[in-house]
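What the coordinates show
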Amino acid sequence: MSTQTPTPLHWKLVIDAADPHAQADFWAAALHYTAEDNSALVERLLSAGALPAEATVEYHGRLAFRDLIAVRHPDDPYDPETGTGLGRRLLFQRVPEPKTVKNRLHLDLHAGPERRAQEVARLEALGARVVREVKEPSGEWVVLTDPEGSEFCLQ
């Protein structure tokens, strides 16, 4: 009897946002990621009548979905027909309600102690806000929020 190793599942982290495109710009710059270009897919859907024009916006000079956009690691593969990343991705989706409580899930960015202060300054210039600095026997990190108030850590 042979045992097969299960195929790992592909995943993306979905983040609720009031303005998905602004969040995509922030996180693409923060992580040095690339905003996905879904314009070919959007244009095909519009041409087929499967997507109303009101569901689109212009984003960096190209058509995009109005209510969602993803950023991906620039070295990861993507589907050239749809622009959808096939690796590490963050997908921002528009939701009507504001953030009201602490995240149950957050990103930890790893810059290292020698680059931490420089990265904090860079992230603040992008619109992040420092919440607190943590110094514990297990390590040191900075807790920040993105422009919409979602927490993340920088180690």
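Read on for an overview of the structure. (Residues numbered from 1 in each chain as written. Predicted model: local features only at pLDDT ≥ 70, side-chain atom pairs only at ≥ 80, totals over all residues. Heavy atoms only, no water.)

**Let's talk about the overall build of the protein**
Assigned secondary structure in the protein consists of 3 helices and 10 strands. Counted from the first residue to the last, the protein has its helices and strands arranged as β-α-β-α-β-β-β-β-β-α-β-β-β. Viewed in the frame of its principal axes, the protein has a C-alpha envelope of about 60 × 55 × 30 Å. In the protein, which comprises 155 residues, the share counted as buried stands at 37%. Long-range pairs, those at least 24 residues apart, make up 61% of the contacts in the protein between residues at least 6 apart in sequence. (Helix = DSSP H or I, 4+ residues; strand = E, 2+ residues; numbered from the N terminus. Buried < 20%, exposed > 50% of the residue type's maximum accessible area, 1.4 Å probe, protein only. Contact = heavy atoms within 4.5 Å.)

**Some words on the pairing of strand β10 (residues 151-154)**
Walk down a regular strand and you will see the side chains alternate between the two sheet faces. Strand direction decides the pairing type here: strand β7 (residues 107-109) and β10, joined by 3 bridges, are parallel. The partner of L107 across the bridge, within β10, is F152. (Pairing = 2+ DSSP bridges.)

**What to know about the sheet that holds strand β2 (residues 34-35)**
Two modes of strand pairing occur in sheets, parallel and antiparallel, and in both the strands are linked by backbone hydrogen bonds. With respect to topology, 4 strands assemble into an open sheet ordered β1-β6-β5-β2, the strand pairing being mixed. Each end of this open sheet is capped by a strand with a single partner; those strands are β1 (13-17) and β2. Sheet topology places strand β5 (residues 68-72) next to strand β6 (residues 89-94); 5 bridges connect them, and they run antiparallel. Residue pairing in the sheet places V71 in a bridge with L90 of β6. Contacts from helix α1 (residues 20-31) reach β1, β2, β5 and β6 within the one sheet, and its direction differs from that of β6 by about 160°. (Axes fitted to C-alpha atoms, helices over the stretch in contact; angles between N-to-C directions.)

**Structural notes on the sheet that holds strand β9 (residues 139-145)**
A sheet is described by the order of its strands in space; here 4 strands give the open sequence β7-β10-β9-β8, paired in mixed fashion. A strand with exactly one partner marks an edge of an open sheet, and here the two such strands are β7 and β8 (129-136). Taken over all neighbouring pairs, the strand axes of this sheet differ in orientation by 25° on average, direction set aside. Most of the contacts of helix α3 (residues 116-126) go to β10, to which it runs at about 150°, and overall it touches β7, β8, β9 and β10.

**A closer look at the packing of α1 against α3**
At a minimum axis separation of 10 Å, α1 and α3 run at an interaxial angle of 160°. Between α1 and α3, the angle falls in the class roughly antiparallel. Seen from above, α1 lies across α3 with right-handed handedness. Counted together, F26, A29 and A30 of α1 and R122, L123 and L126 of α3 form the full contact between these two elements. Of the residues contributing to the contact of α1 with α3, the split by class is 5 nonpolar, no polar and 1 charged. (Parallel < 35°, antiparallel > 145°, perpendicular 65-115°, else oblique. Left-handed = near helix turned anticlockwise from the far one by under 90°. Nonpolar A, V, L, I, M, F, W, Y, C, P; charged D, E, K, R; others polar.)

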